[in-house]
Amino acid sequence: MSSSCCTSVRKMETVSEESKESSWFRGWLQWSPTSVTMLRAAEKKILSCLKSAYRGWYVDIGPLVGPADKIWTISLNQESTKTPILLLHGLGSGVALWCLNLDSFAATRPVYAIDILGFGRSSRPTFSHDALVAERQLVNSIEEWRREIQLDKIILLGHSLGGFLASSYAIHYPDRVKHLILADPWGFPERPADIAQRYSVPLWVRAIVYVTQPFNPFWAVRAAGPFGQWVIEKARPDIMKKFSSFVSGDVNVIPQYIFQCNAQNPTGEAAFRAMAASFGWAKHPMIHRMDTLRKDIPITVLYGSRSWVDNASGELILEKRPDSYVNVQVITGAGHHVYADKAETFNRHVIEACILADTGDTRKILSMQTKSSSPTDELEEETSNTESEENISATNSTNAISHPFPQQKPSS
């Protein structure tokens, strides 16, 4: 059999697998309590706790991937003349989970947060099965969104998968990025060849991973049907705890929101699976491309000290960008959801990066150090808690490894 025939067979098998899941998914929804209306209601309940007024609307980016793609967008403090910040969420998330950060960011500048195409309330088109093509489709959707919004330059903040896409965007559209902020970014390191031995992965775990490879990451949540929210609550009680102080009185709205985000047609997950070598690694690791990012774009990287993401990539970014501003922070006590685990410390670092973007001062001398920081005491528009029709975010220790522009030798 020729190589082209083999390729065709492999593509047909992939399409067949996803068709089966899609067909099964549609049948399951008949008794699963999920809808775009319920997702909207959960999001609105979370965002109603914000102190700042917000606006929500769909941005029409045209037939980019699907026939008529729309990106759900929220914004705060659009009147400010400071450089706006755009927030890109991680896998399985959405705009509402930035709720612990939006007020702080909006105090000084315009803030935009979007549901990445294929996720949350945005359109869910079918993406390419090719890793680089799917990545470029997602990156281009962000650029089309920016053009429609008519923003000239932005500070780009991405968490996890959002950090991977933010980096790719900055490489492809460097003229639009004033500062790149990566929060525990996914997809940077190379997948270790000896991963099972290095991490002492039990045989039964490897077997489960192998069997579930054909499925999208959150298939189990959808498989649970009406019990999907309960599965999230029992599997990740820490998620509710992270946001309990913000949504006091109804902590269940957080797992409800996460369930509704991931109970919809999982096209964004399929794009992620196309880009992933396995859940923790990308087929085309971003670390190998960071030296192609234009030298004058400053980077701030924020890791959680307890995260499963390998923060050694921060040192590699430093090595690959010796003549550029790179500031790597490891926030003590934070896990992968660093923006929620230590929200005040995270917000402070982001605001510092934003100030650098405003002033253009990325030459101040920084060195390896340990810092202590103490907190100070369907087509619609949504404004604060009302809606109208229109089409159209205790003391903590921080370990810092920073290199300025030009780079300085770290001191102990």
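For clarity, every value in this text was computed on a predicted model and none was experimentally measured.

### Brief notes about the overall build of the chain
In terms of regular secondary structure, the chain is built from 15 helices and 14 strands. Expressed as a percentage of the 412 residues in the chain, the buried residues total 53%.

### Concerning the packing of aromatic side chains
Enumeration over the complete set of coordinates arrives at 6 aromatic pairs. Ring geometry for Tyr112 and Trp145: centres 5.7 Å apart, planes at 75 degrees, overall edge-to-face. Of this pair, Tyr112 sits in strand β4 (residues 111-114) while Trp145 sits in helix α4 (residues 131-149); the two residues are 33 residues apart in sequence, bridging distant segments of the chain. As far as the burial class goes, Tyr112 and Trp145 line up, both buried. Each member of the aromatic cluster is reached from another via a ring pair, and the members are Phe164, Trp186 and Phe272. Over the aromatic face of Trp72 sits the side chain of Arg121, whose NZ or CZ is 3.8 Å from the ring centroid. Over the aromatic face of Trp281 sits the side chain of Arg191, whose NZ or CZ is 5.8 Å from the ring centroid.

### Description of the packing of helix α9 (residues 228-235) against helix α11 (residues 253-263)
Two numbers describe how α9 lies on α11: the axes approach to 9 Å, and their chain directions differ by 125 degrees. It follows from the interaxial angle that α9 and α11 lie oblique. Two packed elements cross with a definite hand, and for α9 against α11 that hand is right-handed. Counting all contacts with α9, which are made through Gly228, Gln229, Ile232 and Glu233, the residues of α11 involved are Pro255, Gln256, Ile258 and Phe259.

### Examining the environment of Ile155
In this fold, Ile155 is placed in strand β5 (residues 154-159). Sequence separation between Ile155 and Arg176 is 21 residues, and the spatial gap between their C-alpha atoms is 8.6 Å. Residue contacts for Ile155: discarding those within four places in its chain leaves Thr83, Pro84, Ile85, Leu86, Arg109, His179, Ile181, Cys354 and Ala357.

### A closer look at the pairing of strand β2 (residues 69-76)
By the criterion of burial, β2 is predominantly enclosed, with 7 of the 8 residues buried. Here 7 bridges tie strand β1 (residues 55-62) to β2, and the two strands are oriented antiparallel to one another. By the bridge assignment, Tyr58 is partnered in β2 with Trp72. Linkage of β1 to β2, two consecutive antiparallel strands, is achieved through a turn of 6 residues.

### Re helix α5 (residues 161-172)
Between its first and last C-alpha, α5 extends 17 Å over 12 residues, near the 16 Å set by a 1.5 Å rise per residue. Burial analysis of α5 places 10 of its 12 residues in the buried class, which makes it a mostly covered element. Taken as a whole, α5 has its buried residues at Leu161, Gly162, Gly163, Phe164, Leu165, Ala166, Ser167, Ser168, Tyr169 and Ala170. On the buried face of α5, the contacting elements are β3 (85-88), α4, β5, β6 (177-183), α12 (267-275) and β8 (281-282).

### Some details on the nonpolar core
By size, the foremost hydrophobic cluster in this structure holds 55 residues, and its most contacted members are Leu86, Trp145, Leu156 and Leu180. Excluding its chain neighbours within four sequence positions, the residues that come into contact with Leu86 are Tyr112, Ile114, Ile142, Trp145, Ile154, Ile155, Leu156 and Leu157.

### Comments concerning the environment of Phe119
Positionally, Phe119 belongs in the loop between β4 and α4. Owing to a relative accessible area of 4%, Phe119 belongs among the buried residues under this scheme. Taking C-alpha positions, Phe119 is 9.7 Å from Gly90, a pair spaced 29 residues apart along the chain. Excluding its chain neighbours within four sequence positions, the residues that come into contact with Phe119 are His89, Leu91, Gly92, Ser93, Arg124, Leu161, Gly268 and Glu269.

### Considering the pattern of salt bridges
Under the counting rule described, the total for this entry stands at 13 salt bridges. For Arg176, the salt bridge goes to Asp152, with nearest N and O atoms at 2.7 Å. With Arg176 in the loop between α5 and β6 and Asp152 in the loop between α4 and β5, this residue pair connects regions lying 24 residues apart in the sequence. The partly exposed category is assigned to Asp152, whose relative accessible area is 48%.

### A short note on the confidence of the model for the chain
With 72% of its residues at a pLDDT of at least 70, the chain reaches an overall mean of 80. With pLDDT under 50 throughout, residues 27-31 is counted as low confidence; its partners more than four residues away or in other chains account for 8 contacts. Across residues 404-412, confidence stays below pLDDT 50; counting only partners more than four residues off in sequence or on other chains, it has 22 contacts.

Conventions we followed
Residues numbered from 1 in each chain as written. Predicted model: local features only at pLDDT ≥ 70, side-chain atom pairs only at ≥ 80, totals over all residues. Heavy atoms only, no water. Helix = DSSP H or I, 4+ residues; strand = E, 2+ residues; numbered from the N terminus. Buried < 20%, exposed > 50% of the residue type's maximum accessible area, 1.4 Å probe, protein only. Phe/Tyr/Trp six-rings, centres within 6.5 Å; stacked < 30°, edge-to-face > 60°. Lys NZ or Arg CZ within 6 Å of the ring centre and 35° of its normal. Axes fitted to C-alpha atoms, helices over the stretch in contact; angles between N-to-C directions. Parallel < 35°, antiparallel > 145°, perpendicular 65-115°, else oblique. Left-handed = near helix turned anticlockwise from the far one by under 90°. Contact = heavy atoms within 4.5 Å. Pairing = 2+ DSSP bridges. Expected span 1.5 Å × (residues − 1). Core = buried A, V, L, I, M, F, W, Y, C linked by side-chain atoms within 4.5 Å. Salt bridge = Lys/Arg side-chain N within 4 Å of Asp/Glu carboxyl O. pLDDT = per-residue confidence, 0-100.

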